[in-house]
Amino acid sequence: MAFVETGSVAQMNRSPKRRYYTGRRLSRVESIDDLRARTHRLMPRFVLEYLEGGSGEEATLQRERTAFSEWRFVPRTLIDVSDRHTRRALLGRDAQLPLAIAPTGLNGLFMRHADTAIARGAARFGVPFIQSTMSNDAMERVAEVPDLRHWWQLYVFGGDEIWQELLRRADACGCEALVLTTNTQVFGDREWDNRTRTAGSRPTLATTLDAARYPRWFATTLNHGMPDFPNVIDFIPKDKRGFFDASFWIREQMPKSLSWDNVAKIRDRWKKPFFLKGLMNPEDIRKARDSGVDGVILGTHGGRQMDWSASALDVLPQAREIVGDDFPLYMSGGIRHGTDIMKALALGADAVLTGRATLYGLCANGSGGVHKALTILQNEMMNEMAQAGVPSLDALSPDILIRRDAMPEAP
Ligand SMILES: Cc1cc2nc3c(=O)[nH]c(=O)nc-3n(C[C@H](O)[C@H](O)[C@H](O)COP(=O)(O)O)c2cc1C
């Protein structure tokens, strides 16, 4: 499958012909877009819908990217940038980038033991990996990855005994931090993903026939059967443990009443760093700061929950104002380039999360691809920090940016 970029100002009527690199040689990969293009070559349609899709009209998904395009740099010159780096302390420990890999469920659809592969890529590079409650590798197995900074993402579902047991295990296997996802108690309406399944939540005939065209994906993914949910399997009724049944059953068990009382109970039990993920509204951000948690991750779940939501980047400056200088504030959504990370930091984030960018790496080349995705983001940042006259991450401030609507009108 060829990927031809259209509409670039550098092309005239699609000339010169441009293609992303979709081969397997990591040394030839230039950008996250190459990894994405290879992902689209290798994965069946229903997997791509799961990975790429958003909810409803996908207005939030779109906003996640356009929000970045509304900010431009106003680069500085004549500043010594010979000694720059991208390292930042996260929870008091050095990370190679101001970044953690976002929790993503059902990674087993991309390849077998995908969670362990992501963890390997993250550990080798030197950033934390947040493992999802809906992951397909046991957290104890992932925890064995050498040098891993392992964080656990919690979905609350069913009775209190479930999250209590998950916290006990996460603590026992050395997880460094807990991330409670707050914006998914009702599952987003992902139309395009839904269209790949029948009303009874089985793959449609077209989905199955399409998947059959990807024998290589099948061999590395489903050859040993559908993935399962080893971290939560014991809580799922025996007749609901199949892949599709289990994921839908868990969704239905998420209490719609999740509230600050749950946050207080979890805070009480989990003594290590504790983040809330998926906050957007200033009122909630204020409450979070005063609730005893250790940090907030702004975000829209990658455009997969509320449609027509603002993006995390949109609310970032106000959120920083609310929480003050010293409260850990991360953002997730739409990070595809080093400049995106720079913009997020300039507007007030301490760090970002990547979901799809690192998943494209995984789909394209396994754990080496995850490492490559992180390396690309770092290399881009190193270059663009020099271009912007920014010698250190601390020098990234709103002064280096201009908003599109604040630019002088064209004559
Ligand atoms: C395929 C996929 C699965 C996801 N699963 C989870 C999950 O299990 N738990 C969670 O808190 N967030 C989940 N998210 C949201 C991500 O953690 C993250 O917020 C989002 O992907 C960021 O946007 P980006 O993909 O543009 O980087 C998922 C996102 C994707 C794309």
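Residues numbered from 1 in each chain as written. Predicted model: local features only at pLDDT ≥ 70, side-chain atom pairs only at ≥ 80, totals over all residues. Heavy atoms only, no water.

Colleague: Which parts of the structure should I look at to understand the packing of aromatic side chains?
Modeller: Any aromatic ring pair is given by two values, namely how distant the centres are and how the planes are angled relative to each other. All chains considered together, the criterion is met by eight aromatic pairs. With 5.6 Å between their ring centres and 10° between their planes, F229 and F243 make a pair best called stacked. Separated by 14 residues along the polypeptide, F229 in the loop between α9 (215–221) and α10 (243–252) and F243 in helix α10 bring together distant segments of the chain. Both residues of the pair, F229 and F243, count as buried. Among the aromatic residues, those joined into a cluster by ring pairs are F46, W217 and F218. (Phe/Tyr/Trp six-rings, centres within 6.5 Å; stacked < 30°, edge-to-face > 60°. Helix = DSSP H or I, 4+ residues; strand = E, 2+ residues; numbered from the N terminus. Buried < 20%, exposed > 50% of the residue type's maximum accessible area, 1.4 Å probe, protein only.)

Colleague: Would you mind showing me how to read unusual backbone geometry here?
Modeller: Trans is the common state for peptide bonds, and a negative phi is the common state for residues other than glycine. For the bond running from S15 to P16, omega is -5°, close enough to zero to count as cis. Relative to the helices and strands, P16 is located in the segment before α1 (32–42). Here N13, not a glycine, exhibits a phi torsion of approximately 50°, which is positive. Tracing the chain through its elements places N13 in the segment before α1. Judged by relative accessible area, N13 falls into the exposed class, the value being 78%. A positive phi angle, close to 60°, is found at L106, a residue other than glycine. Residue position: L106 is located in the loop between β4 (99–101) and α4 (114–125). Overall, the relative accessible area of 9% leaves L106 in the buried class.

Colleague: Can you walk me through the site of the ligand in this structure?
Modeller: Around the ligand sit 21 residues, and of these P103, S132, Y155, T181 and G334 come closest. In the model, an oxygen atom of the ligand is placed 2.7 Å from a nitrogen or oxygen of the S132 side chain. A breakdown of the residues in the shell around the ligand according to their chemical character gives five nonpolar, twelve polar and four charged. (Near = heavy atom within 4 Å. Polar contact = N/O pair within 3.5 Å; in protein donor to acceptor, adjacent residues only side chain to side chain. Nonpolar A, V, L, I, M, F, W, Y, C, P; charged D, E, K, R; others polar.)

Colleague: Help me out: how do you make sense of the UniProt feature "active site" (unreviewed entry) in the protein chain in this one?
Modeller: According to UniProt, the feature "active site" (unreviewed entry) maps to H301 in the numbering used here. Along the chain, H301 turns up in the loop between β9 (295–298) and α13 (312–323). With near-sequence residues (within four places) excluded, H301 lies in contact with Y155, T181, N183, T184, R190 and K277. (UniProt positions renumbered as here; feature names shortened; annotations may be inferred. Contact = heavy atoms within 4.5 Å.)

Colleague: Help me understand α1 in this model?
Modeller: The periodicity of an α-helix, 3.6 residues per turn, causes residues three or four positions apart to be oriented the same way. The element α1 is largely enclosed, with a buried count of eight among its eleven residues. Residues of α1 that are buried include every one of I32, D34, L35, A37, R38, T39, H40 and L42, and no others. Taken together, the buried residues of α1 touch α2 (45–52), α9 and α15 (356–388).

Colleague: Please explain helix α6 (residues 160–172) as it appears in this structure.
Modeller: With 13 residues, α6 should reach 18 Å at 1.5 Å per residue; the first-to-last C-alpha distance of 18 Å fits that figure. Turning to α6, its buried residues number three or more, namely I162, W163, L166, L167, R169 and A170. The buried side chains of α6 occupy one side of the element, clustering within an arc of 165° when seen end-on. More than 90 degrees from the buried face of α6, the exposed residues found are E161 and A172. Looking at the buried side of α6, the elements it contacts are α5 (139–143), β6 (150–154), β7 (177–181) and α11 (260–269). Trailing α6 by a residue or two, G174 shows a phi angle of about 95°, which is positive. (Expected span 1.5 Å × (residues − 1). Arc of directions from axis to C-beta.)

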